[in-house]
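One-letter residues, chain by chain:
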Amino acid sequence: MTNNYSTWHHPYKPIKEYNKKVAYFSMEFGIHQALKIYSGGLGFLAGSHMRSAYELKQNMIGVGMLWKYGYYDQARNEDQTLRADFIEKTYNFLEDTGIEVEVPLHDNPGVKVRAYILKPEIFGCVPLYLLSTDIDGNDHLSRTITNHLYDSNELTRVSQSIILGIGGAKVVEALGGADMYHLNEGHALPAFYYLRDKGVKKEQFSFTTHTPEKAGNEERDARHLNRCGFFGRNLSENEIRQEMVNDGMINYTVSALRMANKSNAVSKLHAVVSNNMWKDFDGVSKIIPITNAQNQNFWQDEEIKKAWKTKSAKKFKERKTALKNELFDVVLNQTQKKFDPNVITLVWARRFAGYKRADMFLYDLERFEKLLSNEKYPVQIIWAGKPYPKDYYAIDIFNHLVNFAKKRKNLAVLTGYEIDLSKQLKCGSDIWLNTPRITREASGTSGMTAAFNGSVNVSINDGWIPEFQKHGENCFVLPELDYQKPTWEQDQQDCANLFNILENEVLPTYYDKPKKWQEIVFNGITDVIPEFTSNRMADQYYKELYK
């Protein structure tokens with residue numbers, strides 16, 4: 001096999017229906033625990049996509065960033081509350097491609113960008129080109145651009161988009177160019193501006209929008225971006241005006257939707273929400289649904305898969321117990337609490353953000369205390385997740401849960417929520433909790449990988465769940481509320497509904513009707529595969545977005 005990744009190259013001959021050369025740009029990729037260039041869902045999704053593209057022999061490459069300190073390492077202060085550590089990462093499995101490009105940035109005529117390759121055979125994904133500015137010949141400031149994923153400094157964030165977009169586009173040019181340029185979220189938007197100037201046609205641009213959250217759809221001052229070099233050249237006042245929305249701003253999502261030939265949302269419900277969100281802006285492309293999914297080979301435990309295929313309740317229980325014990329070793333190590341594999345274990349694990357409501361149980365303390373002390377139907381609850389290191393509201397929720405859990409033997413809050421722990425939580429849980437405010441979760445893929453491993457979803461009916469759910473048959477879904485109600489009313493009602501479902505349906509079924517419970521577990525696996533596997537998704541992108 002050739003090591004020559006300084007041109008467009010794959011270790012296989014791409015299959016005919018996947019022959020189009022696609023360059024997929026993403027700010028983060030969750031390919032493997034050891035390659036810490038991801039923060040959460042967006043990265044996990046991109047990682048699964050790259051794995052499936054490889055499994056299906058697609059003619060695709062990934063273009064991302066080589067973050068020197070990653071996102072952050074989640075540790076604890078002496079009182080167990082959250083501490084964010086930034087530790088330099090070095091990867092000896094990445095190779096220098098020899099490709100170096102220059103990108104004009106702010107008043108610097110040429111910041112050097114070097115491309116490193118993650119070869120397919122290392123982790124089983126399509127070739128992944130990772131960009132770094134931390135190289136000789138760059139000044140100190142330029143070298144720090146690729147330090148931190150989602151840097152909190154505004155100027156650095158803009159620079160990161162320019163390096164990923166324009167630097168990435170130039171690297172793809174050096175490889176021989178692509179037939180399609182696909183932006184996974186708007187971070188790499190400068191790629192579209194740069195390539196459009198180079199004569200790349202609209203038909204070659206596709207875009208995926210991931211979030212109905214205002215904060216997730218970046219918006220910045222147009223003239224400021226122009227000074228930074230965001231558009232690949234200096235736009236005239238007249239040209240800038242054509243790009244502006246909302247009083248002199250550039251909205252990354254709106255611009256990408258305008259420049260892309262086709263765009264997609266990440267669930268059917270999200271497509272409705274997105275089309276509605278952006279309908280008042282002229283020239284935006286129609287947003288079709290391509291529901292997010294995850295890679296089955298990577299995320300599903302082999303023994304669980306075998307037990308499901310043969311429908312062996314005995315084998316499933318044996319394996320689930322072993323997986324619970326593995327997870328409980330982590331709980332014991334981190335919190336000095338000994339959990340019991342015979343007790344139903346509920347897990348809430350995802351990025352900590354206010355709207356995801358990690359602390360929903362605490363909205364009704366009286367009922368929560370009752371649930372925790374119920375001897376007939378005992379429960380164990382684990383929380384895990386990383387807030388953004390500067391999201392003080394989310395950090396406060398995390399720390400509040402840490403302090404609340406300290407005194408209770410059946411509650412645990414874990415740190416280090418990355419790929420490995422995520423997998424252990426999905427394999428070792430009985431229940432996967434998902435409690436966002438409705439319409440705010442675009443897709444939410446963690447419940448899919450939990451279902452792969454026989455963890456039953458208890459969820460708000462948002463994101464991908466409406467496409468999957470059969471209440472009481474393959475999961476449990478909270479009654480849908482009017483999302484226009486005041487949030488505190490929604491919170492109160494959702495909390496009451498969560499307790500009702502747990503007390504009246506979930507716990508009695510788990511403890512009193514084990515056969516019925518097993519049926520729900522197996523139904524969950526059957527209904528999630530293959531519909532919510534990334535092989536289906538990667539195929540759909542070629543058939544619907546790149547056509």
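To be clear, the structure that these remarks concern was listed above.
Parameters at a glance
- Residues numbered from 1 in each chain as written.
- Predicted model: local features only at pLDDT ≥ 70, side-chain atom pairs only at ≥ 80, totals over all residues.
- Heavy atoms only, no water.
- Pairing = 2+ DSSP bridges.
- Helix = DSSP H or I, 4+ residues; strand = E, 2+ residues; numbered from the N terminus.
- Axes fitted to C-alpha atoms, helices over the stretch in contact; angles between N-to-C directions.
- Contact = heavy atoms within 4.5 Å.
- Buried < 20%, exposed > 50% of the residue type's maximum accessible area, 1.4 Å probe, protein only.
- Parallel < 35°, antiparallel > 145°, perpendicular 65-115°, else oblique.
- Left-handed = near helix turned anticlockwise from the far one by under 90°.
- Nonpolar A, V, L, I, M, F, W, Y, C, P; charged D, E, K, R; others polar.

**Concerning the sheet that holds strand S9 (residues 205-208)**
- As summarised here, the arrangement of the nine strands in space is S5-S6-S7-S2-S1-S8-S9-S12-S13, forming an open sheet in which the pairing is mixed. The outermost strands of the open sheet, each flanked by one partner alone, are strand S5 (95-105) and strand S13 (287-289). Along the sheet, successive strands turn relative to each other by an average axial angle of 25 degrees, direction set aside.
- Bridge analysis of S5 against strand S6 (residues 108-118) gives seven bridges, and the strand direction is antiparallel. Looking across to S6, one finds that glutamate 100 is bridged to arginine 114.
- Along the sheet, helix H9 (residues 268-278) contacts strand S12 (262-265) and S13; its crossing angle with S13, the most-contacted strand, is approximately 170 degrees.

**A short note on the pairing of strand S16 (residues 411-414)**
- On S16, burial covers both faces: Leu411 and Val413 on one face and Ala412 and Leu414 on the other are all buried.
- As defined by bridge partners, strand S15 (residues 379-384) adjoins S16 across four bridges and the pair is classed as parallel. Bridged to alanine 384 within S16 is leucine 414.

**Some words on the packing of helix H12 (residues 313-335) against helix H15 (residues 419-428)**
- One way to put it is that H12 packs onto H15 with a least axis distance of 8 Å and a crossing angle of 135 degrees. Viewed along their axes, H12 and H15 adopt a mutual orientation that is oblique. As H12 runs across H15, the sense of the crossing is left-handed. Facing Lys320, Leu323, Lys324, Glu326, Leu327 and Val330 of H12, the residues of H15 in contact are Leu421, Gln424, Leu425, Lys426, Cys427 and Gly428.
- Each residue belonging to the contact of H12 with H15 can be placed in one class, and the counts come to six nonpolar, two polar and four charged.

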